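# Structure at a glance
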Amino acid sequence: MSTSTKPLHPAPQDETTEPQVAKRKRGRPRKNGPLLDQPKRKRGRPRRAEPDLADLQDIHLDLADRTRASGRRSGHSTRELIVAMANEVINRTGIVDFRIETVARALSLSPGNITYHFPKKEDIIAAIWEQYETTMRATLAEIITPFLDIKQLYLYFRVIASKAIAYVGVTAYYFGDLGVLRREHATFARWMDSTRTWMYACYDRLTENGCLRPIADPRLRDLIFASQITLLRWWINNAFANHGGDRLEEAVNRYVSLSLLQLLPYLTDEGRRQFKNIANQIK
């Protein structure tokens, strides 16, 4: 009966055979390997997308630069940069064709960096609308001055119309989309009530300054307000239908004067004189 015995010394390995290397854990960098040469990246921070601005050459941002780093140096946060660029893109493409990827390419950011601040594009649109409302409230607060007259009211209405042009993509969407009007009914109702209060204060100040006769009938006052606010809200849509949006600045004077035309039956002689001078300048 033969028994096998293990050799006391292992046989020498052939020099041509490669030595066995212990398996390393997946994802663990090799010592002195190429993975250690790469710069470390913060955990959870999205990678930047390659900039591709070929399709956005006509878009100009008011900020000094589009990049996040330069935006921070100039005092603007990434969120502010996103809202500003998204407003520029929407003004050009409209809401339907608006894409988060377009904003990301324009700012040299990844889509993940955009969705970190705004999970959906509707959140960006809402942020632009909120910015528009804040701008309009600040503008309206400056209009009612002790010396308000028809000429000043015309100039202030023109400022309001110009600011609407700066947010034309979002304002046309909010004022013209049936779904938005239904979903945001309470918001629009509050906005309409505050605007009505402001406009009535304008009527009273014009009366005090001798430019407008008192409008005693509350139904007539509300009807005049409704006709003026309709023109101030819908003039951009009408201008787009007539001119394709290429001549909005030229159309501002005409539509603003039409909103003042609703006051003509109640204007005093001084108010009519001022309105006549405005109409002559528009011609």
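Quantities reported herein were computed from a predicted structural model and do not represent experimental measurements.

### Considerations on the overall build of the protein chain
Along its length, the protein chain carries 12 helices and 0 strands. Along the protein chain, helices and strands appear, N-terminal first, in the series α-α-α-α-α-α-α-α-α-α-α-α. The buried share of the protein chain, reckoned over its 283 residues, is 35%. Long-range pairs, those at least 24 residues apart, make up 67% of the contacts in the protein chain between residues at least 6 apart in sequence.

### Observations concerning the nonpolar core
Ranked by size, the top nonpolar core spans 71 residues in total, and within it Val-103, Ile-124, Leu-153, Phe-157 and Trp-235 carry the most contacts. Among the elements that make up this core, the one with the highest residue count is helix H9 (residues 185-208) (9 residues). Those residues within four positions of Phe-157 in sequence are excluded, and the remaining contacts are Trp-198, Met-199, Gln-228, Leu-232, Val-256, Ser-259 and Leu-260.

### Some thoughts on helix H5 (residues 121-140)
Spanning 20 residues, H5 covers 29 Å between terminal C-alpha atoms, matching the ideal 28 Å at 1.5 Å per step. Those residues of H5 that sit buried are Ile-124, Ile-125, Ala-127, Ile-128, Trp-129, Tyr-132, Glu-133, Met-136, Thr-139 and Leu-140. Contacts from the buried residues of H5 go to helix H2 (78-93), helix H3 (100-106), helix H4 (111-117), helix H6 (150-166), helix H7 (168-176) and H9.

### Quick look at the environment of Ile-128
The residue Ile-128 is located in helix H5 in this model. Residue class for Ile-128 comes out buried when judged on its relative accessible area of 0%. In this structure, the C-alpha to C-alpha distance between Ile-128 and Ala-86, residues 42 residues apart in sequence, is 8.1 Å. Once residues lying within four places of it in the same chain are set aside, the contact partners of Ile-128 are Val-83, Ala-86, Asn-87, Ile-90, Tyr-167 and Val-170.

### Focus: unusual backbone geometry
For Ser-108, which is not glycine, the phi torsion reads 55° and is therefore positive. Position of Ser-108 relative to the elements: it lies in the loop between H3 and H4. Looking at Ser-108, the relative accessible area reads 15%, which means it is buried.

### Notes on H9
Between its first and last C-alpha, H9 extends 35 Å over 24 residues, near the 34 Å set by a 1.5 Å rise per residue. Along H9, the residues classified as buried are Phe-188, Trp-191, Met-192, Thr-195, Trp-198, Met-199, Tyr-200, Cys-202, Tyr-203 and Leu-206. Of the residues flanking the end of H9, it is Gly-210, one or two places downstream, whose phi is positive at about 75°.

### Re the confidence of the model for the protein chain
Scored by pLDDT, the protein chain has a mean of 77; 71% of the residues are at 70 or more. Scored below 50 in pLDDT, residues 33-38 makes 4 contacts in the model with residues more than four places away or belonging to other chains. Across residues 47-67 the pLDDT falls below 50, and counting only partners more than four positions away or on other chains, this stretch makes 44 contacts in the model.

### Concerning the environment of Arg-221
Tracing the sequence through the fold places Arg-221 in helix H10 (residues 218-243). Look past the residues within four positions of Arg-221 in its chain and what remains in contact with it is Tyr-200, Tyr-203, Asp-204 and Ile-215.

### Brief notes about the pattern of salt bridges
Inspection of the entire model under this criterion finds 7 salt bridges. Taking the shortest distance from any N to any O, the salt bridge between Arg-273 and Glu-270 comes out at 2.5 Å. One end of the pair, Arg-273, and the other, Glu-270, are both in helix H12 (residues 269-282), 3 residues apart, so they sit about a helical turn from each other. In this structure Arg-273 comes out as partly exposed when scored by relative accessible area, which is 44%. The network of salt bridges with common partners includes Asp-193, Arg-196 and Asp-222.

Quick notes on the rules
Residues numbered from 1 in each chain as written. Predicted model: local features only at pLDDT ≥ 70, side-chain atom pairs only at ≥ 80, totals over all residues. Heavy atoms only, no water. Helix = DSSP H or I, 4+ residues; strand = E, 2+ residues; numbered from the N terminus. Buried < 20%, exposed > 50% of the residue type's maximum accessible area, 1.4 Å probe, protein only. Contact = heavy atoms within 4.5 Å. Core = buried A, V, L, I, M, F, W, Y, C linked by side-chain atoms within 4.5 Å. Expected span 1.5 Å × (residues − 1). pLDDT = per-residue confidence, 0-100. Salt bridge = Lys/Arg side-chain N within 4 Å of Asp/Glu carboxyl O.

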